[in-house]
Amino acid sequence: MMNDEHFRKSLIEITDSGLLNAFINEIFGYNLKDEQYIYIQYKIVHNNIVLNMFDNSDSNRFKAFIFTQNSNLKDSKDIKYIDINLCYNNYKKKKIQDKLCLIGALLATKKNNEKKDIINKLFDDNIAKILLKYFIAK
């Protein structure tokens, strides 16, 4: 089971706080400016988190990012699969990871100390505070 509800609530507050572009730029490698916008559809499909992104900054680009527990899925031009179990295993082995894979590890872990460590590797600002608020069990 993924930490999908924590992620969903975090994304809502990140959006409400005006930090969505910074989050998207950092995690997904976009280069959105403040005046540019991105639409994200968040949904759960067959126990996978699907983020459909559509932005106005690059010829109306569409991309789907799918956080999954199935490592047999292959990326395509417009779809990127992130195997959260592989990301988590790489995190545990201290293998160098990109930030997208660290999000995958965050979605997989159940341990608060690991969640804190991953969030601190991702951000050191208000986005980190929001993620900590929703991912750390009280």
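Residues numbered from 1 in each chain as written. Predicted model: local features only at pLDDT ≥ 70, side-chain atom pairs only at ≥ 80, totals over all residues. Heavy atoms only, no water.

Time to look at the packing of aromatic side chains. In the structure shown here, the tally under the stated rule is eight aromatic pairs. Aromatic side chains Phe-7 and Phe-67 sit 5.9 Å apart centroid to centroid with 75 degrees between the ring planes, which places their arrangement in the edge-to-face category. Separated by 60 residues along the polypeptide, Phe-7 in helix α1 (residues 4-16) and Phe-67 in strand β3 (residues 62-68) bring together distant segments of the chain. The same class applies to Phe-7 as to Phe-67, namely buried. (Phe/Tyr/Trp six-rings, centres within 6.5 Å; stacked < 30°, edge-to-face > 60°. Helix = DSSP H or I, 4+ residues; strand = E, 2+ residues; numbered from the N terminus. Buried < 20%, exposed > 50% of the residue type's maximum accessible area, 1.4 Å probe, protein only.)

Moving on to the sheet that holds strand β1 (residues 38-45). Taken in spatial order, the four strands make up an open sheet running β1-β2-β3-β4, and their pairing is mixed. Since the sheet does not close on itself, it has two edges, and those belong to β1 and β4 (79-83), each with one partner. The mean inter-strand angle of the sheet, taken between neighbouring strand axes irrespective of direction, is 15 degrees. One ladder, built from eight bridges, connects β1 with strand β2 (residues 48-55); its direction is antiparallel. Opposite Lys-43, over in β2, you have Val-50 as the bridge partner. Sheet strands in contact with α1 are β1, β2 and β3, and its direction is about 160 degrees off that of β1. Sheet strands in contact with helix α4 (residues 99-108) are β2, β3 and β4, and its direction is about 40 degrees off that of β3. (Pairing = 2+ DSSP bridges. Axes fitted to C-alpha atoms, helices over the stretch in contact; angles between N-to-C directions. Contact = heavy atoms within 4.5 Å.)

The subject of this paragraph is the packing of helix α3 (residues 84-92) against α4. The N-to-C vectors of α3 and α4 enclose an angle of 100 degrees; their axes lie 7 Å apart at closest approach. Between α3 and α4, the crossing angle belongs to the class labelled roughly perpendicular. In contact with Ile-84, Cys-87, Tyr-88 and Tyr-91 of α3, α4 contributes Cys-101, Leu-102, Gly-104, Ala-105, Leu-107 and Ala-108. Split into classes, the residues belonging to the contact of α3 with α4 amount to nine nonpolar, one polar and no charged. (Parallel < 35°, antiparallel > 145°, perpendicular 65-115°, else oblique. Nonpolar A, V, L, I, M, F, W, Y, C, P; charged D, E, K, R; others polar.)

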